[in-house]
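# Notes for the structure review
Listed here are the chains, written in short residue letters.
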Amino acid sequence: MSFNLFVFFFSLFQPLYRFLRYQQDCGQDINDRFIQIFRDTEKTPLRHVSLRNSTITNEGMRILLRHQLNSLSMWYCNKITTASWNILIEHCRQLRSLELGRFVDMLKHSEPNEKTPIDFQLLLPRLQRLKLNGVVLQPTIQFSHLTELSHLDLTACIFAEFSLKALVDLPNLRTLILFNVWPLEHEFPTLCKLKNLETLDLSVSRANVDGNYLTPNKLLANLVENLPKLRHLDISGTNLAGDGVAERAGSCTGSSSDIPGLVSRVDRPLDFLGIYYTSHSACKWHDIPALRIAGEATEEQILVAAVAYQDRHELLTKVLNDLYHLLRFETCKQIHKALDVVLSAMDKHIRVKNIQISGSATLFYIVKGREKMKFGVPLKNHIIHTLLNGMSTHLTDDTMMRNGCLTLCQFNIPLDVMFEYERLVQILLHGVSYREQEGFVQRIAIYLLNSLACQVDGSQKLFLGDLGAISTMLNLINDRLSRRVFDDVMEVAWSTMWNVTDETAKNCERFLDGRGMEYFLGCLKLFPDRDDLLRNMMGLLGNVAEVKELRPRLMTTEFITEFSDLLDSSSDGIEVSYNAAGVLAHIASDGADAWTIARPTRYSVLVRMVEAIERWDLSAERNINYRSFEPILGLIRCYHTPQCQHWAVWALANLTKVYPTKYCRVVEQEHGVELLQELIDHPQPYPRLKELAQIVLTHCRNLSEPMTGSAPDGSTSTTDPNVMELDG
């Protein structure tokens, strides 16, 4: 189905504005190219448009504004200029709601050094809601014709000789937001004339504005007494709440208010009062005439503030920090409500680094807690999607990357993140590649990357290679070799390549092409006693040796000598010796003609290999995890070199003995039983091979037959070296 046809069918069942929202929620950039699908205003009609974090330009806006919109909301769309205002005025006289939020320059000069205010007129007579952010208001701007206007938000607007007197004659004005508009003391007489106001916001962000009034108690008391319909008042960041000296209300009740300016509302409390970070910490007082309070004193106040200040990044950053401390010390009780406000804040303000940092730190403690067990898949997906949005937007910030990685570690990797697998891989590779040597972000990113590579299919492993996982790991190893430093990053880099090359020939080739064997020899020379490193390297080379086309590149005197010597290694139990034998078995399976070196001889290597195999304990527990036995079963067919068969049948005998529940099924599912029976019946293999083959068949038969006692489940006791657990 074509994309346009999909849009058509979507519009049959859902309003198209929801399609726009859905695309943004999925991380789709609403750019000029995307907007082309709405060129036909009849087939794809739009009435409501809400854009955030969009790269749309005036060209795209020209298409949208031809749709006779009823509402338009724009945030963080910084490629819009005054040209779009002219288009809007021309086509959208019927507009009822207009929001021009942060980083929308429709009413601002695009040139950063241009200080001349723009003279504009609000020729939108049907407007009921208007939000402007940081706009310079000239005294010439007219509001009187906006007779239907009920909600006016002038956040951070600059009054260039403009006065609120322009609003006095608006009969339907119910809400007036003047957040970070300063100074306002001389406007209080005018505010007292707006008799129909139900919501008034005089709050400031103290980082930007010093909200101190000379006569705070008198100003607030006079204001409240003159606005009889007022239900929602915000004076956060100011000193309008006074200094905490209570004043008694009317004599009929004898009750009092710790906020002197609100004494007249003691018997008729406000529905909402914002006193977040006021002077003298008013939110900590007791007698406050309000049903809901936004403040910093209690969990309830902080959550109220988080909801109320969703569009105010300055205050929202503080609120998230307060919430973070509640969660960090496990005193927050309303976990799900806290999660909702954090996700909403991060989704709305992707470009605001401080919100992403505070939000991701808060998410860490939420998903680390006990409540995580109650999270369903959609909610987990939302958390992960939101984290990745923040990380991808702020890739170069160490704190954001650290918070994001630590939070992701609290999920089930890779199962919980598979829906965002490709984007997460790209973010982690960037984190590994561009971080300081031995830095925390690099370490945690490579652990996560290794976990992602461990339990995925071939196409995803190939994708990892396509994005440069092999070259990135080799660069890390080369860096540490050059500095003669061994650390966990080097160890995990080899483990990651072990995972990424598993049954993925192209990635094995990338390893060889990237001087991987040179680095292998370098690590052997510098760090010969590092057991985990040796195991990881030999596991990787086992994957390389399974690729027939690449085996000739391993046929050098230097490499074969090293592999042969490692047969005698006792490093990490039998693992290094086992993997070395596996490499040599695959190389030898190509026949005598493929052995193109004089020393060591093929015969001597095979003798050493069999001697090593027979030293291994058949009951040894393993640090390895097989998803398929195909490479091992392939060697069972190698009748021309029975030593290769010896390694293969020993491996199956060991794995089916120690972990029967897991590996007997793999043998049966991949037709190993038939191959082993064929080996037993064949005249050529020597007796020890038939003995080992019979052991495997006995293990499989015993698992299939009913048992009287309980047998240990090997699948629960295996240790997979390729899965790295992290403690957040």
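Keep in mind that this is a model prediction, so the values were computed, not measured. (Residues numbered from 1 in each chain as written. Predicted model: local features only at pLDDT ≥ 70, side-chain atom pairs only at ≥ 80, totals over all residues. Heavy atoms only, no water.)

On a plain count of helices and strands, the protein comes out with 30 helices and 14 strands. Computed over C-alpha atoms, the radius of gyration of the protein comes to 35 Å, more than 25% over the 27 Å expected from 2.2 N^0.38 for 728 residues, which places it beyond the range of a compact globule. Evaluated residue by residue, the protein yields a buried proportion of 56% over its 728 residues. In the protein, 66% of the contacts between residues at least 6 apart in sequence involve partners at least 24 apart. As presented, the protein carries roughly 31,300 Å² of accessible surface, and 49% of it is formed by carbon and sulfur atoms. (Helix = DSSP H or I, 4+ residues; strand = E, 2+ residues; numbered from the N terminus. Rg over C-alpha atoms; globule rule 2.2 N^0.38 Å. Buried < 20%, exposed > 50% of the residue type's maximum accessible area, 1.4 Å probe, protein only. Contact = heavy atoms within 4.5 Å. Areas by Shrake-Rupley, 256 points an atom, 1.4 Å probe, with all protein chains shown as cover.)

Right, let's talk about the environment of Leu 474 for a bit. Structurally, the position occupied by Leu 474 is in helix 17 (residues 469-483). Judged by its relative accessible area of 4%, Leu 474 falls in the buried class. Considering only alpha carbons, one finds Leu 474 and Pro 687, 213 residues apart in sequence, at a separation of 44 Å. The contact partners of Leu 474, leaving out residues within four places of it in the chain, are Met 497, Arg 510, Phe 511, Gly 514, Gly 516 and Tyr 519.

Next up on the list: the sheet that holds strand 1 (residues 48-52). Here we have ten strands laid out as an open sheet, ordered 1-2-3-4-6-8-9-10-13-14, and parallel in their pairing. In this open sheet, the two strands that pair with only one neighbour each are strand 1 and strand 14 (290-294). Averaged over all neighbouring strand pairs, the angle between strand axes comes to 5°, with direction disregarded. Taken together, the four bridges between strand 3 (residues 97-100) and strand 4 (residues 129-132) define a ladder with parallel strand orientation. The partner of Leu 100 across the bridge, within strand 4, is Leu 132. (Pairing = 2+ DSSP bridges. Axes fitted to C-alpha atoms, helices over the stretch in contact; angles between N-to-C directions.)

This part takes up the pattern of salt bridges. Summed over the entire model, instances satisfying the criterion amount to 32 salt bridges. Ionic pairing is found between Arg 615 and Asp 568, a salt bridge with its closest N-O pair at 3.1 Å. Separated by 47 residues along the polypeptide, Arg 615 in helix 24 (residues 602-615) and Asp 568 in the loop between helix 22 (557-566) and helix 23 (575-588) bring together distant segments of the chain. Its salt-bridge partner being Arg 688, residue Glu 691 comes within 3.0 Å of it at the nearest N-O pair. Remark: Arg 688 and Glu 691 occur in helix 29 (residues 687-704); sequence separation between them is three residues, near one turn of the helix. Residues participating in the shared-partner salt-bridge network are Arg 174, Glu 198, Arg 231 and Asp 271. (Salt bridge = Lys/Arg side-chain N within 4 Å of Asp/Glu carboxyl O.)

Turning our eyes to something else, we now look at helix 28 (residues 672-681). Quick reminder: α-helices carry 3.6 residues per turn. Residues three or four places apart thus point the same way. Buried residues of helix 28: Gly 672, Leu 675, Leu 676, Leu 679 and Ile 680, and no others. With its buried residues spanning 140° around the axis, helix 28 presents them on a single face. Of the surrounding secondary structure, the elements contacted by the buried residues of helix 28 are helix 25 (630-636), helix 26 (642-658), helix 27 (660-669) and helix 29. (Arc of directions from axis to C-beta.)

Quick look at the packing of helix 24 against helix 26 now. As a packed pair, helix 24 and helix 26 sit with axes 10 Å apart at the nearest point and diverge in direction by 20°. In terms of axis orientation, helix 24 runs roughly parallel to helix 26. Crossing angle aside, the handedness with which helix 24 passes helix 26 is left-handed. Residues Leu 606, Met 609, Val 610, Ile 613 and Glu 614 of helix 24 pack against Gln 643, Cys 644, His 646, Trp 647 and Trp 650 of helix 26. A breakdown of the residues in the contact of helix 24 with helix 26 according to their chemical character gives seven nonpolar, two polar and one charged. (Parallel < 35°, antiparallel > 145°, perpendicular 65-115°, else oblique. Left-handed = near helix turned anticlockwise from the far one by under 90°. Nonpolar A, V, L, I, M, F, W, Y, C, P; charged D, E, K, R; others polar.)

To continue, consider the nonpolar core. Ranked by size, the top nonpolar core spans 167 residues in total, and within it Trp 494, Phe 511, Phe 520, Phe 563, Phe 629 and Trp 647 carry the most contacts. Here the element with the most residues in this core is helix 26; it accounts for ten residues. Composition of this core by domain shows at least three residues from each of domain 2 (412-554) and domain 3 (560-704). The residues touching Phe 511, leaving out its near neighbours within four places in the chain, are Ile 470, Leu 474, Trp 494, Met 497, Gly 516, Met 517, Leu 540, Leu 541 and Val 544. Judged by nonpolar contacts, the second largest core, of 86 residues, contains Val 104, Cys 157, Phe 162 and Leu 227. (Core = buried A, V, L, I, M, F, W, Y, C linked by side-chain atoms within 4.5 Å. Domains from an automatic or database assignment.)

Next up on the list: the side chain of Thr 496. Mapping Thr 496 onto the fold places it in helix 18 (residues 488-501). In this structure, Thr 496 is in contact with Ile 446, Asn 450, Ala 453 and Met 473, ignoring residues within four places of it in sequence.

This paragraph deals with the domain arrangement of the protein. The assigned domain composition of the protein is domain 1 (17-145 + 154-166), domain 2 (412-554) and domain 3 (560-704). For domain 1 versus domain 3, the distance between C-alpha centres works out to 70 Å.

Assignment of secondary structure puts Trp 498 in helix 18. For the pair Trp 498 and Leu 191, spaced 307 residues apart in sequence, the C-alpha to C-alpha distance is 70 Å.

Scanning the model with the defined rule gives 23 aromatic pairs in all. Their ring planes at 45° and their centres at 6.0 Å tell us that Phe 520 and Phe 563 sit as a pair that is tilted. With Phe 520 in helix 20 (residues 516-526) and Phe 563 in helix 22, the pair connects residues that are 43 residues apart, well separated along the chain. Of the two residues, Phe 520 and Phe 563, both sit in the buried class. Ring centres 6.3 Å apart and planes at 65° place the aromatic pair Tyr 659 and Tyr 663 in the edge-to-face group. As far as the burial class goes, Tyr 659 and Tyr 663 line up, both buried. Through pairs of rings, three or more aromatic residues link up here, namely Tyr 578, Trp 616, Trp 647 and Trp 650. Sitting over the face of the ring of Phe 179, Arg 312 holds its NZ or CZ atom 4.4 Å from the ring centroid. (Phe/Tyr/Trp six-rings, centres within 6.5 Å; stacked < 30°, edge-to-face > 60°. Lys NZ or Arg CZ within 6 Å of the ring centre and 35° of its normal.)

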